Amino acid sequence: MPVTEPFEEHPERYDAWFEEHPHAFAAERNALRALVPEGGRGLEIGVGTGRFAAALGMEEGVDPAPAMRRRARARGLRVKDGTAEELPYDDATFDVALLVTTVCFVDDLDRALAEAYRVLRPAGALVIGLVDRDSPLGQRYLKQQDANPFYQPARFWTTDEIVRAMRQAGFDGFAFRQT
């Protein structure tokens, strides 16, 4: 069952965090921009409000939460209803797929990565932004997990766990950035 409740109930709170923390957003955007190849067709999986997709020149997104899709569409994105585990796109459709904090909300990480691999063209790039569970920020989020509606359903992964799962899905040639 996809996690949509906190995003349906608090879409304005989600967006407000980035507006209240513009330096954090800029740092995250710049780290992702360094990894997103220029040109080609891009998809953000778990597009949310479209903030990152729009900033990184992506034109399409998928998300299970209607309130988030509405906000992404208002940013000019083409957005479909769907989940990371069951993407509503044909095989080999995109040159790049982006998941920003989405991996901590998927029901089945292996299935989500297999789907990303499926919709990418040969030599396509998957870019994942995550809060590493073992990082100071990840530890802080874990301590606050019960008090924050966005963290409650989250499962925080380590970078090593994500890399292992990506390798299992067929990905290789890794590059890393940290904020």
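A few points on the structure.

Calculation notes
- Residue numbers restart at each chain and count upward from 1, following the sequence in its written direction.
- Residue-level local features of this predicted model are given only where pLDDT is at least 70; pairs of side-chain atoms are given and counted only at 80 or more, and the full residue set underlies all totals for whole chains, interfaces and linings.
- Remark: hydrogens and water are excluded; side-chain values derive from all non-hydrogen atoms of the structure.
- Per the convention used, a helix needs a DSSP run of H or I reaching at least four residues, while a strand needs a run of E reaching at least two, with both numbered from the N terminus.
- Think of it in three bands: with a 1.4 Å probe and only protein chains considered, a residue is buried below 20% of the maximum accessible area for its type, exposed above 50%, and partly exposed in between.
- Polar contacts, as used here, are pairs of N or O atoms within 3.5 Å; protein pairs need one atom able to donate a hydrogen and one able to accept it. Residues neighboring in sequence count only if both atoms are side-chain atoms.
- We call two residues in contact when some of their heavy atoms are within 4.5 Å.
- Stacked, tilted and edge-to-face are the three classes applied to pairs of Phe, Tyr and Trp rings, where Trp contributes its six-membered ring and a pair requires centres within 6.5 Å; stacked means planes under 30 degrees apart, edge-to-face means over 60, and tilted covers the rest.
- Here, over-ring charges are defined by two tests on the NZ atom of lysine or the CZ atom of arginine: distance to the ring centre within 6 Å, and angle to the ring normal within 35 degrees.
- Salt bridge, as used here: a side-chain nitrogen of Lys or Arg that lies within 4 Å of a carboxyl oxygen of Asp or Glu.
- What makes a nonpolar core is a set of buried Ala, Val, Leu, Ile, Met, Phe, Trp, Tyr and Cys residues whose side-chain atoms join them at distances within 4.5 Å.

### Quick look at the side chain of Gln145
Counting through the fold element by element, Gln145 comes out in the loop between helix H7 (136-143) and helix H8 (159-169). Under the relative-accessibility criterion, Gln145 is labelled buried at 16%. Within polar-contact distance, the side chain of Gln145 engages the backbone oxygen of Tyr151 at 2.9 Å. Sequence-distant contacts of Gln145, defined by excluding residues within four places in its chain, comprise Tyr151, Gln152, Ala154 and Phe156.

### A few points about the packing of aromatic side chains
Evaluation of the coordinates by the stated rule reveals 10 aromatic pairs. Ring geometry for Tyr89 versus Phe94: centroids 5.0 Å apart, planes at 85 degrees, classification edge-to-face. According to the relative accessible area criterion, Tyr89 is buried, its value standing at 8%. Given the relative accessible area of 0%, Phe94 is considered buried. Aromatic side chains Tyr151 and Phe156 sit 6.5 Å apart centroid to centroid with 65 degrees between the ring planes, which places their arrangement in the edge-to-face category. Take Tyr151 and Phe156: they sit in the same class, and that class is buried. Among the aromatic residues, those joined into a cluster by ring pairs are Tyr14, Trp17, Phe18, Phe25 and Phe52. Directly above the ring of Phe25 sits Arg51, whose terminal nitrogen or CZ lies 5.6 Å from the centroid. Directly above the ring of Trp157 sits Arg155, whose terminal nitrogen or CZ lies 3.7 Å from the centroid.

### Concerning the environment of Glu59
Looking at the element boundaries, Glu59 is found in the loop between helix H4 (51-55) and strand E2 (60-63). Using a relative accessible area of 47% as the deciding quantity, one classes Glu59 as partly exposed. Glu59 sits 17 residues away from Gly42 along the chain, and the two C-alpha atoms are 6.4 Å apart.

### Notes on the pattern of salt bridges
A complete count under the given rule lists 14 salt bridges for this structure. Put simply, Asp15 and Arg71 hold a salt bridge, and the shortest N to O gap is 3.3 Å. You can see Asp15 sitting in helix H2 (residues 11-20) and its partner Arg71 sitting in helix H5 (residues 66-74), a full 56 residues away along the chain. Across the pair Arg133 and Glu161 runs a salt bridge, and its minimum N-O distance is 3.2 Å. Of this pair, Arg133 sits in the loop between strand E5 (120-129) and H7 while Glu161 sits in helix H8, and the two are 28 residues apart along the sequence. Given a relative accessible area of 23%, Arg133 falls into the partly exposed group.

### Quick notes on the environment of Phe105
Summarising the element assignment, Phe105 is placed in the loop between strand E4 (94-100) and helix H6 (109-119). Residue classification places Phe105 among the buried residues on the basis of a relative accessible area of 17%.

### Observations concerning the nonpolar core
Grouped together as the largest cluster of nonpolar side chains are 28 residues, with contacts concentrated most on Phe7, Leu32, Met58, Leu98 and Phe156. Elements that contribute at least two residues to this core include exactly H2, helix H3 (22-33), H4, H5 and E4. If we ignore the near neighbours within four places in the chain, the residues touching Leu32 are Phe52, Leu56, Leu98, Val100, Val127 and Gly129.

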